[in-house]
Amino acid sequence: MNDFFSSSFTLGILGGGQLGKMLLTETRKYDIQTKVLDPSPEAPCRIGSNHFEVGDLKDEARVLEFAKGVDVLTIEIEHVSTEALRKLKAQGVQVHPDPEALAIIQDKGAQKSFYKDHNIATSPFELFKNRDEVMAALASDRWNLPCVWKSRTGGYDGFGVSVLRTEEDLQNIGEGISLLEEMVPFAMELAVVVARNPKGEVASYPIVEMEFHPTANQVEYVLAPARIDAFGGKTGEQIAAEAKELAERTATKLGICGLLAVELFLTPEGELLVNEVAPRPHNSGHWTIEGAYTSQFEQHLRGIMDLPLGSTQLKAPSVMVNLVGAEGHSGPVRYDKMEETLAMPGVYPHIYGKKETRPFRKMGHVTVVSDKLDEARQLAEEVKGNLSVISH
């Protein structure tokens with residue numbers, strides 16, 4: 001175990017964005033050597049890693065070259081070469097998440113099919129090869145509006161997803177492989193971040209509640225713990241227990257080591273449906289930095305390095321609010337009214353280190369910790385109204 005710390009052991013990270021930057025805070029704490037690959041020379045991880053390289057994460061040869069000398073390899077973004085990861089695993093490099101699980105998760109169609117094949121509840125769906133097939137299905141009796149269209153590959157932060165409510169919305173359907181899924185009349189959107197290590201130890205954080213931006217399909221607020229009332233004859237405690245079991249079963253079936261963030265729909269009848277998953281630290285777990293005894297980033301390290309998992313217990317009710325680029329602003333970033341924000345009690349801003357802003361780009365987040373969840377939620381709304389991400 002001690003060979004990880006203050007040694008030549010090297011952790012490789014594919015992706016140098018904000019998730020990697022926050023992960024590096026934990027590697028610095030433990031004096032773990034790191035090596036990061038990202039396409040951008042201005043990536044946030046450039047200043048926190050021991051070795052930073054620029055390269056295409058989808059280029060098999062480049063990833064193989066980067067991974068020379070790496071003992072454990074992980075990701076902070078899913079869009080990487082799984083072929084390279086398969087070869088590295090065959091060479092004896094520890095790769096987390098497992099390349100086969102990542103290949104499933106990279107393809108939303110394969111992900112939905114996996115749920116169906118393993119009796120993991122999810123909304124009804126259909127896969128399509130191209131736009132013409134989607135349009136033909138919508139013109140038939142098989143599919144009716146409203147429903148949800150998703151690109152099977154390449155989507156992130158709400159991009160590649162379109163809610164189809166009107167004929168005009170059909171213009172948002174792309175040309176490539178995709179899927180349609182039924183619109184779930186959910187009562188709440190929930191998430192559970194699960195951690196696993198190779199020994200089979202499993203630990204889950206408290207179930208959180210997510211509030212989304214109405215047009216950007218991005219999370220605006222994450223509330224920990226979720227305010228789950230009784231639905232469908234089930235108590236809030238029963239629903240939380242079912243959500244935990246469903247998330248842990250999904251992580252186990254996929255064979256994930258490290259983190260798996262599981263996004264769930266809760267219906268008015270009390271049914272839980274898996275929406276999507278992410279095999280890495282996730283936006284729904286950022287609150288853990290201040291709000292839990294072990295942050296999700298430290299927990300991911302513990303999981304992929306087969307260390308004992310840390311406590312997932314909540315320290316205090318917490319609300320995270322995303323800081324995204326303001327509409328109408330593109331260019332060098334400026335954070336307006338940061339001093340006023342820092343003067344608020346229990347408010348912790350995190351700036352990701354991206355020099356250029358654009359509308360809805362994730363530029364940072366703020367966690368609000370309070371004795372009462374409703375008070376934290378109210379203060380988070382004040383933060384969002386006060387702190388603006390604009391351009392010079």
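Preceding block: the structure.
Residues numbered from 1 in each chain as written. Predicted model: local features only at pLDDT ≥ 70, side-chain atom pairs only at ≥ 80, totals over all residues. Heavy atoms only, no water.

Draft legend 1. Examining the overall build of the protein chain more closely. Counting secondary structure elements, the protein chain contains 11 helices and 21 strands. The C-alpha radius of gyration of the protein chain comes to 21 Å, within 12% of the 21 Å expected for a compact globule of 392 residues. Considered along the principal axes of its C-alpha atoms, the protein chain spans approximately 60 × 50 × 45 Å. A burial count over the protein chain gives 56% of its 392 residues as buried. Contacts spanning at least 24 positions in sequence make up 63% of the contacts within the protein chain whose residues lie at least 6 apart. A total of about 16,700 Å² of accessible surface is found on the protein chain, and carbon and sulfur atoms cover 49% of it. Between the averaged position of the 40 positive side-chain charges in the protein chain and that of its 56 negative side-chain charges there is a distance of 4 Å. (Helix = DSSP H or I, 4+ residues; strand = E, 2+ residues; numbered from the N terminus. Rg over C-alpha atoms; globule rule 2.2 N^0.38 Å. Buried < 20%, exposed > 50% of the residue type's maximum accessible area, 1.4 Å probe, protein only. Contact = heavy atoms within 4.5 Å. Areas by Shrake-Rupley, 256 points an atom, 1.4 Å probe, with all protein chains shown as cover. Lys, Arg positive; Asp, Glu negative; His and termini not counted. Charge placed at Lys NZ, Arg CZ, Asp CG, Glu CD.)

Draft legend 2. A look at the packing of aromatic side chains. Taken as a whole and judged by the stated rule, the model has 6 aromatic pairs. Taking 5.6 Å as the distance between ring centres and 55° as the angle between the ring planes, the aromatic pair formed by Phe 5 and Tyr 30 counts as tilted. With a gap of 25 residues between them, Phe 5 in the segment before β1 (10–14) and Tyr 30 in the loop between α1 (18–29) and β2 (33–38) connect regions that are remote in the sequence. Put simply, the rings of Phe 4, Phe 5, Phe 9 and Tyr 30 touch in pairs and so form one group of aromatic residues. Seen from the ring of Phe 66, Lys 35 lies directly overhead, with NZ or CZ sitting 5.2 Å from the centre. In this structure, Arg 377 packs its charged tip against the face of Tyr 221, placed 3.9 Å from the ring centre. (Phe/Tyr/Trp six-rings, centres within 6.5 Å; stacked < 30°, edge-to-face > 60°. Lys NZ or Arg CZ within 6 Å of the ring centre and 35° of its normal.)

Draft legend 3. Molecular detail of the environment of Asp 56. Position of Asp 56 relative to the elements: it lies in the loop between β3 (51–54) and α2 (60–66). Separated by 18 residues in the primary sequence, Asp 56 and Asp 38 place their C-alpha atoms 6.8 Å from one another. Other than its neighbours up to four places away in sequence, Asp 56 contacts Arg 62 and Val 63.

Draft legend 4. Region of interest: the pairing of strand β16 (residues 318–324). Here β16 lies mainly inside the structure; 7 of its 7 residues are buried. Where burial is concerned, the two faces of β16 agree: the one with Ser 318, Met 320, Asn 322 and Val 324 and the one with Val 319, Val 321 and Leu 323 are both buried. Two elements, strand β13 (residues 219–224) and β16, share 4 bridges in a ladder whose sense is antiparallel. Each bridged residue has a counterpart across the sheet, and for Ala 224 the counterpart in β16 is Ser 318. Sheet analysis places β16 next to strand β20 (residues 362–369), joined by 7 bridges and oriented antiparallel. Directly across from Ser 318, in β20, lies its bridge partner Val 369. (Pairing = 2+ DSSP bridges.)

Draft legend 5. Region of the structure containing the pairing of strand β7 (residues 147–151). With respect to burial, β7 is a largely interior element, 5 of its 5 residues being buried. The alternating pattern of β7 places Cys 147, Trp 149 and Ser 151 on one face and Val 148 and Lys 150 on the opposite face, and all of these are buried. Pairing of β7 with strand β8 (residues 161–164) involves 4 bridges; the strand directions are antiparallel. Counted as the bridge partner of Val 148 is Val 163 from β8. Taken together, the 5 bridges between β7 and strand β9 (residues 178–182) define a ladder with antiparallel strand orientation. The residue bridging Val 148 from the neighbouring strand is Glu 181, located in β9.

Draft legend 6. Spotlight on the sheet that holds strand β4 (residues 72–75). Strand order in the open sheet made by the 5 strands is β3-β2-β1-β4-β5, with parallel pairing throughout. Lying at the two open borders of the sheet, with one neighbouring strand each, are β3 and β5 (94–95). Strand direction decides the pairing type here: β1 and β4, joined by 4 bridges, are parallel. Pairing of Leu 14 across the sheet is with Ile 75, part of β4.

Draft legend 7. Focus on the sheet that holds β7. With respect to topology, 4 strands assemble into an open sheet ordered β6-β9-β7-β8, the strand pairing being antiparallel. In the strand order of this sheet, the two ends are held by β6 (125–128) and β8, each with one partner. Neighbour-to-neighbour, the strand axes of the sheet open up by a mean angle of 20°, direction not taken into account. Where helix α5 (residues 108–117) meets the sheet, it contacts β6, β7 and β9, and its direction lies at approximately 140° from that of β6. (Axes fitted to C-alpha atoms, helices over the stretch in contact; angles between N-to-C directions.)

Draft legend 8. Fine view of the environment of Asp 31. One can find Asp 31 in the loop between α1 and β2. Put simply, Asp 31 and Lys 355 are 324 residues apart on the chain and 27 Å apart in space, counted from C-alpha to C-alpha. Engagement of the side chain of Asp 31 in a polar contact is seen with the side chain of Ser 6, the distance being 2.6 Å. (Polar contact = N/O pair within 3.5 Å; in protein donor to acceptor, adjacent residues only side chain to side chain.)

Draft legend 9. Quick peek at helix α6 (residues 131–139). Among the residues of α6, those classed as buried are Arg 131, Val 134, Ala 137 and Leu 138. Summarising the axial view, the buried residues of α6 lie within an arc of 125°, below the 170-degree limit, and thus occupy one face. In this structure, α6 carries Asp 132 and Ala 139 as exposed residues pointing more than 90 degrees from its buried face. Buried-residue contacts for α6 involve β6, β7, β8 and β9. With a side-chain oxygen positioned 3.2 Å from the backbone nitrogen of Asp 132, the residue opening α6 is Asn 130. (Arc of directions from axis to C-beta.)

Draft legend 10. Representation of the packing of α1 against helix α9 (residues 296–304). Interhelical geometry of α1 versus α9 gives an angle of 70° and a closest axis separation of 9 Å. Comparing their axes, α9 and α1 come out roughly perpendicular. The crossing of α1 and α9 is right-handed. On α9, the residues that touch Leu 19, Met 22, Leu 23, Glu 26, Thr 27 and Lys 29 of α1 are Phe 297, Glu 298, His 300 and Leu 301. Class assignment for the residues of the contact of α1 with α9 results in 5 nonpolar, 2 polar and 3 charged. (Parallel < 35°, antiparallel > 145°, perpendicular 65-115°, else oblique. Left-handed = near helix turned anticlockwise from the far one by under 90°. Nonpolar A, V, L, I, M, F, W, Y, C, P; charged D, E, K, R; others polar.)

Structural measurements only, silent on function.
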